[in-house]
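# A structural walkthrough
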Amino acid sequence: GRAGRALQILLVEDVVLNQELNCTVLEAKGHRVDIVGNGSEAIMAVADKDYDLVLMDLQMPYVDGIAATRAIRLLPARCRFVAIVALTAAVLREQTDAALAAGMNGVLTKPLSLDDLDAVLERAERDAVREPVDPAAFDPEVVDGLIRILGEAKVRAMSALLEASLVARFTHPLCEASEAALRAEAHASIAGAAMLGFTRFGRLCRAFLEADAASLPACHAALLGELYQVVRTLGDGADHGQPRAPARLSA
């Protein structure tokens with residue numbers, strides 16, 4: 001069911017009729033919508049305002065959705081971790097892979113299926129209302145053990161260091177030229193994440209390291225999706241060593 005929270009949504013779409021249709025649907029569901037008409041405006045909007053979700057058309061003049069997403073994922077601080085879902089009339093596997101490789105969190109095909117849109121909105125609502133950390137994603141017993149050895153202040157400092165390192169990593173889009181660098185970043189992230197209890201992220205780093213060419217895009221997308229959750233959790237502070245639920249990110 002709905003979490004019942006009004007989301008702040010950025011709709012990136014260059015066709016006026018599509019702007020009106022999609023905005024009407026989203027506002028009827030109780031959400032607040034800003035509209036921009038191209039990718040360059042989307043980059044500036046995300047840098048300027050705290051959004052819960054960006055719905056990004058892929059085919060736009062000047063700066064398309066892929067290029068805009070790559071730029072957003074390079075923005076400073078945590079505003080670059082906003083959820084971005086592609087809007088596309090095409091259902092080609094290559095385009096879906098390209099969207100995920102650029103750092104998008106999912107793909108919706110046009111004309112929009114209301115069921116598919118609802119699933120995206122409900123996921124964004126769950127993130128925004130600070131649900132408890134998924135037990136599969138975080139193991140508090142690992143952190144409790146570390147606190148007993150090192151003390152809470154040291155563990156908090158280590159958590160801040162992990163957040164800073166993760167925010168700085170995985171900024172390259174997935175391509176042949178960046179594959180080695182991304183694998184090196186995944187390798188460098190495993191130990192710190194595991195030590196601080198982020199067991200699923202550690203597993204996804206390892207899966208990315210071991211992936212063959214065919215499964216690499218899907219592994220990369222899963223890794224980025226989990227990375228956003230880890231950074232949200234770390235950025236929301238720690239309470240006795242256990243991160244609170246993922247919160248909205250502020251720049």
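In the block above lies the structure referred to throughout.
Given the structure is predicted, the values throughout are model-derived calculations rather than measurements.

### What to know about the pairing of strand 3 (residues 53–57)
Burial within strand 3 is extensive, with five of its five residues counted as buried. The alternating pattern of strand 3 places Leu53, Leu55 and Asp57 and Val54 and Met56 on opposite faces, both of which are buried. Summarising the sheet, strand 3 and strand 4 (residues 83–88) pair through five bridges and their orientation is parallel. Within the sheet, the bridge partner assigned to Val54 lies in strand 4 and is Ile84.

### Notes on the packing of helix 9 (residues 199–210) against helix 10 (residues 216–235)
Packing of helix 9 against helix 10 brings their axes to within 9 Å, and their N-to-C directions diverge by 155°. By the angle between their directions, the pair helix 9 and helix 10 is classed as roughly antiparallel. Relative to helix 10, helix 9 is oriented so that their crossing is left-handed. Only Leu216, Cys219, His220, Ala222, Leu223, Glu226, Leu227 and Val230 of helix 10 make contact with helix 9, whose side of the interface consists of Arg200, Phe201, Leu204, Cys205, Ala207 and Phe208. When grouped by side-chain class, the residues that make up the contact of helix 9 with helix 10 number eleven nonpolar, one polar and two charged.

### Thoughts on empty space enclosed by the protein
Scanning the model with the defined rule gives two cavities of 30 Å³ or more in all. Taken as a whole, the second largest cavity encloses approximately 90 Å³ of empty space.

### Re the sheet that holds strand 3
Read from one edge to the other, the open sheet built from five strands follows the order 2-1-3-4-5, with strand pairing classed as parallel. Two strands in the sheet have a free side with no partner beyond their single neighbour: strand 2 (32–36) and strand 5 (106–109). When strand polarity is set aside, the average angle formed by the axes of neighbouring strands in this sheet is 25°. Where helix 3 (residues 65–72) meets the sheet, it contacts strand 3 and strand 4, and its direction lies at approximately 150° from that of strand 3.

### Focus: helix 9
An ideal rise of 1.5 Å per residue puts 16 Å on twelve residues; helix 9 measures up with 17 Å between its terminal C-alpha atoms. Residues of helix 9 that are buried: Phe201, Gly202, Cys205 and Phe208. Viewed end-on, helix 9 has its buried residues packed into an arc of 120°, placing them on one side of the element. Tucked inside the fold, the buried residues of helix 9 contact helix 7 (152–168), helix 8 (179–195) and helix 10.

### Points about the packing of helix 7 against helix 10
Helix-helix packing: each pair is described by the crossing angle between the helix axes and the interaxial distance. Axis separation between helix 7 and helix 10 bottoms out at 10 Å; the angle between their running directions is 140°. Comparing their axes, helix 10 and helix 7 come out oblique. Crossing of helix 7 against helix 10: the hand is left-handed. On helix 10, the residues touching Ser159, Leu162, Glu163, Leu166 and Val167 of helix 7 are Leu227, Val230, Val231, Leu234 and Gly235.

### Quick look at the packing of aromatic side chains
Counted according to the given criterion, the structure contains two aromatic pairs. Both rings, one in Phe138 and one in Phe198, keep their centres 5.2 Å apart while their planes meet at 50°; by these two values the pair is tilted. Of this pair, Phe138 sits in the loop between helix 5 (114–128) and helix 6 (140–150) while Phe198 sits in the loop between helix 8 and helix 9, and the two are 60 residues apart along the sequence. By relative accessible area, which is 3% here, Phe138 ends up buried. With a relative accessible area of 3%, Phe198 lands in the buried category.

The rules behind each value
Residues numbered from 1 in each chain as written. Predicted model: local features only at pLDDT ≥ 70, side-chain atom pairs only at ≥ 80, totals over all residues. Heavy atoms only, no water. Buried < 20%, exposed > 50% of the residue type's maximum accessible area, 1.4 Å probe, protein only. Helix = DSSP H or I, 4+ residues; strand = E, 2+ residues; numbered from the N terminus. Pairing = 2+ DSSP bridges. Axes fitted to C-alpha atoms, helices over the stretch in contact; angles between N-to-C directions. Parallel < 35°, antiparallel > 145°, perpendicular 65-115°, else oblique. Left-handed = near helix turned anticlockwise from the far one by under 90°. Contact = heavy atoms within 4.5 Å. Nonpolar A, V, L, I, M, F, W, Y, C, P; charged D, E, K, R; others polar. 1 Å grid on protein atoms, 1.4 Å probe; cavity = no way out; pocket = protein on both sides within 12 Å on 5 of 7 lines; lining within 4 Å. Points joined across faces, edges and corners; volume = space filled by probe spheres on them. Expected span 1.5 Å × (residues − 1). Arc of directions from axis to C-beta. Phe/Tyr/Trp six-rings, centres within 6.5 Å; stacked < 30°, edge-to-face > 60°.

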